[in-house]
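Coordinate analysis (summary)
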Amino acid sequence: MASNPSEHVRLFIPGPVEVRPEILHAQTRWMIGHRSKDFADLYARMQGKLKQTFYTENPVYLYTSSGTGIWESASRCGVRDEAKILHLTCGAFSERWAEVSQLNGKQTDVIAVEWGKAVKPEQLAEALQRERYDAVACVMNETSTGVCNPIPEYAEVLRDYPDTLFLVDVVSAFAGTKIETDAWGIDVCLTSTQKAFALPPGMAFGAVSPAVLERARQVKNRGYYFDMLEIDKHHQKNNTPATPPISLMYAADQQLDDMLAEGLDARFARHQQLAERTRAWVQAAGFEMYSEEGYHSPTVSTVANTRNIDIAALNSFLRTRGMTISNGYGKLKGQSFRIAHMGDCQMEHLDALFAAMDEFLQKEA
Ligand SMILES: Cc1ncc(COP(=O)(O)O)c(C=O)c1O
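Being a predicted model, the structure only gives us computed values, none of them experimental. (Residues numbered from 1 in each chain as written. Predicted model: local features only at pLDDT ≥ 70, side-chain atom pairs only at ≥ 80, totals over all residues. Heavy atoms only, no water.)

Moving on, we get to the overall build of the chain. From N to C terminus, the chain includes twelve helices and 15 strands. Its C-alpha radius of gyration of 20 Å places the chain within 12% of the 21 Å reference for a compact globule of 365 residues. The dimensions of the chain, computed from C-alpha atoms along their principal axes, are 60 × 55 × 35 Å. Sequence separation of at least 24 residues holds for 72% of the intrachain contacts in the chain that already meet a minimum separation of 6. In the structure as shown, the chain presents an accessible area of about 14,900 Å², 50% of it carried by carbon and sulfur atoms. With 37 positive and 46 negative side-chain charges, the chain shows a spacing of 4 Å between the two charge centroids. (Helix = DSSP H or I, 4+ residues; strand = E, 2+ residues; numbered from the N terminus. Rg over C-alpha atoms; globule rule 2.2 N^0.38 Å. Contact = heavy atoms within 4.5 Å. Areas by Shrake-Rupley, 256 points an atom, 1.4 Å probe, with all protein chains shown as cover. Lys, Arg positive; Asp, Glu negative; His and termini not counted. Charge placed at Lys NZ, Arg CZ, Asp CG, Glu CD.)

As C-alpha cells, this is what we get:
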C-alpha cells in the first residue's frame, strides 16, 4: 500500500529519526554563497559548538556525505599501503566498515565476535601484541545488534600503542551519550546527522587528530573528495573543498544551539532514561534483549523476537497510530526488532509507542 508522503509518522527507527519542525524549518533560510563571509561565520560558529559536543580540541570536519564517507576517508588516509588496519566487528555496520577498508585496497585484519556480543578489550590487546597496525577501527554503538562496545576500555589498551590510530564510528551514539574524543585518545571520531543528532540525513562530522594528517601525508592515493589533507586546507579558512549542504548546516547550527541549551549531560541522562524505560518494557512484554547483558545501547534497543510475533503486522498496526519501529537488520529480520530512542525523543513519545505495542500484543494473544 502506497503511503501518503505528507502523513506524519513518528520514526522509532535507528535513522533517520524524527526531526522537530523547528529544525526542518531552519533549512528554509535563504541561500548564501559558500565562499562568502556569511558562510565562514556559519562554519566557524558551528565549529565551536561541535568541538564542545565532541569533547575535543581537534578540528571537526564537515563532510557532504553520510557517515559512510568518513569510513572511506579514515581508512584511506589513516593507513599506509605497506601497513595494516585492524577492524573489530560485531554486527552489520562494523563488518561493512571492514569491507570498505578492503575495497580501498587496505590490508585488513578482523577480530569478529558473534552478533549480539561486544568485542572485549582483551581481544584487542592480544591482537596488538601479535602484530603492528597503522590503525584500529571500531564501531561504538553497533546499530544492528544494539550493542555498545567499551570504547574507554579500548582506549586504555591503545595507550601502549601511540603509533596506532584509533578510529571510532560513533554514528548512532553521538549526542546520545558522552563521547570524550580527546580524553579517550580517539584520532578519528565520526558521526552522521540522522541519528541522535536528530537532523535530516546527508551530512557527517569527523573530529580528526593531527596524527591522522601526519599519517595521511605518507599515503599516496588519498583520492580527492575524502582526502583529509584537502579538507583540512579548506577547514583552516572555515570552508569546504566542494559545495556543502548549506540548508542542512542551518539546521545543524540550530540543533547544536538547542542541544547545548538542553545541556549535554541532561541530554545524555534523558537517553539513559529512555533506554531503561525500553528495557523495562521489553521485560514486561515477555521479550528479551538481543544484546549482551552489560553492553546494551543507550540509543537503540534490539529486541529478540522470543514471542515470535509478526513484526510486519506490528508495524502496520503502529502505522495506524502514526508510528513505526524497525525490523531486525539483515540476517536478523524477523528474529528481532529495533526500537530507537534517540535524538529529541521524549518519554511521552515512548509511552505512546509502548501503549500501542501492548494493544497490538493483546490482540495477538
Ligand atoms: C553504526 C553505524 N555506522 C555507520 C552507518 C552508516 O552511516 P550512514 O548511513 O550515515 O552512511 C550506520 C547507519 O545506520 C550505522 O548505524
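Now that the structure has been shown, the text picks up again.
The tally for this structure, following the rule as stated, stands at twelve aromatic pairs. Between Phe-287 and Phe-337, the aromatic rings sit 5.3 Å apart at their centres with planes inclined by 90°, giving edge-to-face as the arrangement. A residue pair is termed long-range when its members are at least 10 positions apart, and Phe-287 in the loop between α10 (264-284) and β11 (288-289) and Phe-337 in strand β15 (residues 336-340) qualify at 50 residues. There is no split in this pair, since Phe-287 and Phe-337 are both buried. A cation sits over an aromatic face here: Lys-331 above Trp-115, 4.1 Å from the ring centre. (Phe/Tyr/Trp six-rings, centres within 6.5 Å; stacked < 30°, edge-to-face > 60°. Buried < 20%, exposed > 50% of the residue type's maximum accessible area, 1.4 Å probe, protein only. Lys NZ or Arg CZ within 6 Å of the ring centre and 35° of its normal.)

This brings us to the sheet that holds strand β9 (residues 188-192). Strand order across the open sheet formed by seven strands is β2-β10-β9-β8-β5-β3-β4, with mixed pairing between neighbours. A strand with exactly one partner marks an edge of an open sheet, and here the two such strands are β2 (60-63) and β4 (107-112). Across the sheet, the mean angle separating the axes of adjacent strands is 20° when strand polarity is ignored. Of the pairings in the sheet, the one linking β9 to strand β10 (residues 204-208) comprises five bridges and is antiparallel in character. (Pairing = 2+ DSSP bridges. Axes fitted to C-alpha atoms, helices over the stretch in contact; angles between N-to-C directions.)

Strand-to-strand pairing in sheets goes through backbone hydrogen bonds, with the strands running parallel or antiparallel. In spatial order, the strands read β11-β12-β15-β14; together these four strands make up an open sheet with antiparallel pairing. Looking at strand neighbours, the two that pair on one side only are β11 and β14 (326-327), the edges of this open sheet.

Before going further, it helps to examine the domain arrangement of the chain. Once the domains are mapped, the chain shows domain 1 (10-18 + 263-364) and domain 2 (22-260). At the junction of the two partners, domain 1 supplies 28 residues and domain 2 supplies 34 residues. Summed over the three residues of domain 1 that lose the most area to domain 2, namely Phe-268, Tyr-295 and Tyr-329, the buried surface amounts to 25% of that side. Our enumeration of links across domain 1 and domain 2 arrives at one salt bridge. When the shortest N-O distance is used, the salt bridge between Lys-120 and Glu-292 registers 3.1 Å. For the side of domain 1 that touches domain 2, the secondary-structure elements that each account for two or more residues are α10 and β12 (300-304). Among the elements that line the side of domain 1 that touches domain 2, the one with the most residues is α10, at five residues. Across the side of domain 1 that touches domain 2, the residue classes break down as twelve nonpolar, nine polar and seven charged. (Domains from an automatic or database assignment. Buried area = accessible area lost by both parts, 1.4 Å probe. Salt bridge = Lys/Arg side-chain N within 4 Å of Asp/Glu carboxyl O. Nonpolar A, V, L, I, M, F, W, Y, C, P; charged D, E, K, R; others polar.)

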